[in-house]
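A closer look at the structure
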Amino acid sequence: MRRISLMLLLACFLAPFPMVGHAAEIRFAALPNGAIAYKQVVSMRERRFLNLLEQQTDFSCGAAALGTVLNAAYGWNLQEEDVIKGMLANANAETVRTQGFSMLDMKRYAETLGLRARGYRITADKLESLKVPSIVLLDVRGYKHFVVLQRVFKGSAYVGDPVLGHKKMPLDEFAKGWNGIVFALIGPGYNRNNKLLSPPEQLTAKQRIDGFRPVKDAELMEFGFIQSDFF
């Protein structure tokens, strides 16, 4: 009898579980009286792009990366299409079609939203002191690709890639393809506890990334924020 009950319990748990697709709610018998409990689950794909905008066109990695920072760190609710349209307003469409967006296009668009944008040249060994998520340009097998550098921690770079999703890279590997510049947005509305600074742990990780702490005003001011941005 106990074996039959266990088989029924497993059947209730496993049958509704989504094999592919999107987030779903699974149900299973959890209490002795047969009461149903519910658990929200996400697909592997959704987990990979958690808090990231996914790139939809060949030339829009810059738009997706910029939209990711605007949404997660500044509270906007933008789709990639919104950012593309905004940047095209002050960009050459043919150049964008063949070469993609530039940091200058991002800077101009950010300014229309009331934000400032600054590029910093920094060495790889100083990246762990970076206190804000930023956009960086990587050379991936000869292809220039914008990604979000979420943070650097204990020799690893945590990257939000508009094509591949969340990635953890050894810092020396990251540095080989990086041009040495970080592009950061600065201005009012910044959430210093934004989720980009605490990327999801890898499913195979043995321990969590537990070095995150809220960023102090003085540290943000080192990167160009001003006192009025905090009110």
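Residues numbered from 1 in each chain as written. Predicted model: local features only at pLDDT ≥ 70, side-chain atom pairs only at ≥ 80, totals over all residues. Heavy atoms only, no water.

You'll find the chain entered in an unreviewed UniProt entry as C39 family peptidase, with Metapseudomonas boanensis given as the organism.

1. Description of unusual backbone geometry
Although it is not a glycine, R141 sits at a positive phi angle of roughly 55°. With respect to the secondary-structure elements, R141 resides in the loop between β4 (134-140) and β5 (143-153). When its relative accessible area of 83% is taken as the criterion, R141 is described as exposed. You will see that K154, though not glycine, has its phi angle at about 50°, which is positive. Along the chain, K154 turns up in the loop between β5 and β6 (156-161). Assessed through its relative accessible area of 62%, K154 is described here as exposed. (Helix = DSSP H or I, 4+ residues; strand = E, 2+ residues; numbered from the N terminus. Buried < 20%, exposed > 50% of the residue type's maximum accessible area, 1.4 Å probe, protein only.)

2. Brief notes about the packing of helix α4 (residues 80-88) against helix α6 (residues 103-112)
Direction vectors running N to C along α4 and α6 enclose 95°, while the axes themselves pass 9 Å from each other. Relative to α6, the element α4 lies roughly perpendicular. Two secondary-structure elements touch here, α4 through D82, V83, G86 and M87 and α6 through D105, M106 and Y109. (Axes fitted to C-alpha atoms, helices over the stretch in contact; angles between N-to-C directions. Parallel < 35°, antiparallel > 145°, perpendicular 65-115°, else oblique. Contact = heavy atoms within 4.5 Å.)

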